[in-house]
Structures are given as structure tokens and as C-alpha cells.
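Listed below are the residues making up each chain.
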Amino acid sequence: MRPTGPADPDRECPRCPRLVQFRTTLRQREPDWLNAPVPSFGPREARLLVVCLAPGLRGANRTGRPFTGDFAGDLLYETLKRHGFARGHYQARPDDGLTLVDCRITNAVRCVPPQNKPLGTEVASCRTFLTNTIAEMPRLRAILALGRIAHDSVVICFGARPSAVPFAHASAHRTGEVALYDSYHCSRQNTNTGRLTPKMFDAVIAKIRAELDRGS
Ligand code: SF4
């Protein structure tokens, strides 16, 4: 896979009218927030790419760094640190000094959607940036999709049909040299309801760690 364009959208990306309108409203209401497409976090040379759905309203959309400032970041970064994919002390601020190690995080949809629910057309419009993000990572060996929408978008990036590669928590799929792992999203809702426990999430990251270590 080769990049066909930029991996990061312009701050004023116009492709999704509903999301453009939402971020314009947010810029007026919250002028100190980012309110723009959120860039990927972590080195391009990483072997692991974590793909999430979209920025959280008061998380990445506010702070400008994926998973930073909302509940999901607490679980994600703690778990990544435990398995050597992050270093430092996560303090929910983009200037907290946390760094990712052999790991990068991006969103399937770069702009915050109302109610955290992007439309199918918005996922499709933003897929070009996801495809280019994947394509610009020369050492990529594993992708972790958090949730079905992120999973399906990754599958389409690789030219397959989601119905042929269905999402299933803790499953792994092969896409050439890259393995695609699935997990339920580490959101507050999923952890509060017990759909995803910290132990279940840890097991997925541990599996990726073990497989990368085997292949290194
Ligand atoms: S979601 Fe993606 S494609 Fe849509 S406006 Fe934002 S950056 Fe552009």
C-alpha cells in the first residue's frame, strides 16, 4: 500500500458538511479547544497502530491529542504503558510528556461527531486519511481496531469487505503482513457495563505485545 495523498487533513477540511458545521459552532462556543481534525499521535515508524472511532468532544477534540482528557485515555494509556507501548506519566494533557513507543494512535474519523456518532458517509469521506496513515507506516505489523466501525474502516482500507472479515472482540485477522486485532472500545460506557473489563483489554494488548516480540 502506498500513500496517495496526505495522511493528515487540513484544519479546514470541508469534506463532511455536518461535521464542519459542528466544529464551527464549537469554535464559537469553546474558543480555547482544538475544534479541528485531530492528528495522529506517535511515530510513523511504529509497528502498532491503534485505530479509534473519532475524537471525544471534551477529550481529543478539546486537547488535540487522541484519548487525552477523557475517561477512555486512562485505561488505554495505562494498558499501553504496562506493555511497553508508552512511556511517561499520563496526566490527561498534551504537554504531560507521555510518549508512545513503537505505537501510534489515530482516528477513523478525524473530526468530532455530534453524540460521538459519525454517519457512514463521514467514515467513508475520512477513510482516505486513514488509508494514507496506514500506508505511510513502513514498519507496520499490527493494527488494533477499537470497535466495529474502526474495524470495518480498516478492513475497507485493505480492499476487503467487512462482511468477509467480521468484527469480534479479541479476534485477530491477517491482512498480508499486517495483523488486525479487535477490541471493544475502552469507553466509560463499555467499562461501566462490563462489556469490556480492564482485564479483557489487557489481554488484547498482551497478545499484540507477544506477537510483535515473536516477530522482532
Ligand atoms: S471527518 Fe475527516 S473527511 Fe470529514 S471533515 Fe473531518 S477531516 Fe475532513
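An account of the accompanying structure is given in this report. (Residues numbered from 1 in each chain as written. Predicted model: local features only at pLDDT ≥ 70, side-chain atom pairs only at ≥ 80, totals over all residues. Heavy atoms only, no water.)

**Concerning the environment of Asp102**
Next up, step 1: On the secondary structure map, Asp102 appears in the loop between strand 3 (99-100) and strand 4 (103-107).
Next up, step 2: Contact partners of Asp102, with chain neighbours within four places excluded, come to Glu45, Ala46, Arg47, Leu48, Phe85 and Arg139.
Next up, step 3: At 2.7 Å, the side chain of Asp102 and the side chain of Arg47 are in polar contact. (Helix = DSSP H or I, 4+ residues; strand = E, 2+ residues; numbered from the N terminus. Contact = heavy atoms within 4.5 Å. Polar contact = N/O pair within 3.5 Å; in protein donor to acceptor, adjacent residues only side chain to side chain.)

**Focus: the pairing of strand 7 (residues 178-183)**
Next up, step 1: Judged by how many residues are buried, strand 7 sits mostly within the fold: 6 of 6 residues are covered.
Next up, step 2: Along strand 7, one buried face is formed by Val178, Leu180 and Asp182 and the opposite face, lined by Ala179, Tyr181 and Ser183, is buried too.
Next up, step 3: One ladder, built from 5 bridges, connects strand 5 (residues 142-146) with strand 7; its direction is parallel. Residue Ile143 lies in a different strand from strand 7, and its bridge partner there is Leu180.
Next up, step 4: Sheet analysis places strand 6 (residues 172-175) next to strand 7, joined by 4 bridges and oriented antiparallel. From the neighbouring strand, Ala172 faces strand 7, where its bridge partner is Tyr181.
Next up, step 5: Between the antiparallel neighbours strand 6 and strand 7 lie 2 residues, among them Gly176 with a positive phi of about 65 degrees. (Buried < 20%, exposed > 50% of the residue type's maximum accessible area, 1.4 Å probe, protein only. Pairing = 2+ DSSP bridges.)

**What about the site of the ligand?**
Next up, step 1: Near the ligand, the surroundings consist of 13 residues, among which Pro9, Cys13, Cys16, Cys111 and Cys126 are the closest.
Next up, step 2: For the shell around the ligand, the secondary structure elements donating two or more residues are helix 1 (17-29) and helix 4 (120-135).
Next up, step 3: Classifying every residue of the shell around the ligand gives 9 nonpolar, 1 polar and 3 charged. (Near = heavy atom within 4 Å. Nonpolar A, V, L, I, M, F, W, Y, C, P; charged D, E, K, R; others polar.)

**Topic: the pattern of salt bridges**
Next up, step 1: Under the definition given, this model contains 16 salt bridges.
Next up, step 2: The shortest N-O distance in the salt bridge between Arg18 and Glu122 comes to 2.8 Å. Within this pair, whereas Arg18 is found in helix 1, its partner Glu122 is found in helix 4, the two being separated by 104 residues in sequence.
Next up, step 3: Since its relative accessible area comes to 3%, Glu122 is described here as buried.
Next up, step 4: In this structure, Glu211 and Arg214 form a salt bridge, with 3.7 Å as the shortest nitrogen-oxygen distance. Remark: Arg214 and Glu211 occur in helix 7 (residues 198-215); sequence separation between them is 3 residues, near one turn of the helix.
Next up, step 5: Judged by relative accessible area, Glu211 falls into the partly exposed class, the value being 30%.
Next up, step 6: With relative accessibility at 62%, the residue Arg214 sits in the exposed group. (Salt bridge = Lys/Arg side-chain N within 4 Å of Asp/Glu carboxyl O.)

**As for the packing of helix 3 (residues 71-82) against helix 7**
Next up, step 1: In contact at an axis separation of 10 Å, helix 3 and helix 7 are set at 45 degrees when each is read in the N-to-C sense. The pairing of helix 3 with helix 7 is recorded here as oblique in orientation. In this structure, helix 3 meets helix 7 at a crossing whose hand is right-handed. The residues of helix 7 that touch helix 3, namely those facing Leu75, Leu76, Thr79, Leu80 and Arg82, are Pro198, Phe201, Asp202 and Ile205.
Next up, step 2: Counted by class, the contact of helix 3 with helix 7 contains 6 nonpolar, 1 polar and 2 charged residues. (Axes fitted to C-alpha atoms, helices over the stretch in contact; angles between N-to-C directions. Parallel < 35°, antiparallel > 145°, perpendicular 65-115°, else oblique. Left-handed = near helix turned anticlockwise from the far one by under 90°.)

**Some details on unusual backbone geometry**
Next up, step 1: Positive phi values are uncommon outside glycine, yet Gln115 reaches one of about 55 degrees.
Next up, step 2: Turning to its location among the elements, Gln115 is positioned in the loop between strand 4 and helix 4.
Next up, step 3: Given a relative accessible area of 66%, Gln115 falls into the exposed group.
Next up, step 4: Its identity as a non-glycine residue notwithstanding, Asn116 has a phi of 60 degrees, on the positive side.
Next up, step 5: Relative to the assigned elements, Asn116 resides in the loop between strand 4 and helix 4.
Next up, step 6: Note on Asn116: relative accessible area 42%, which makes it partly exposed.

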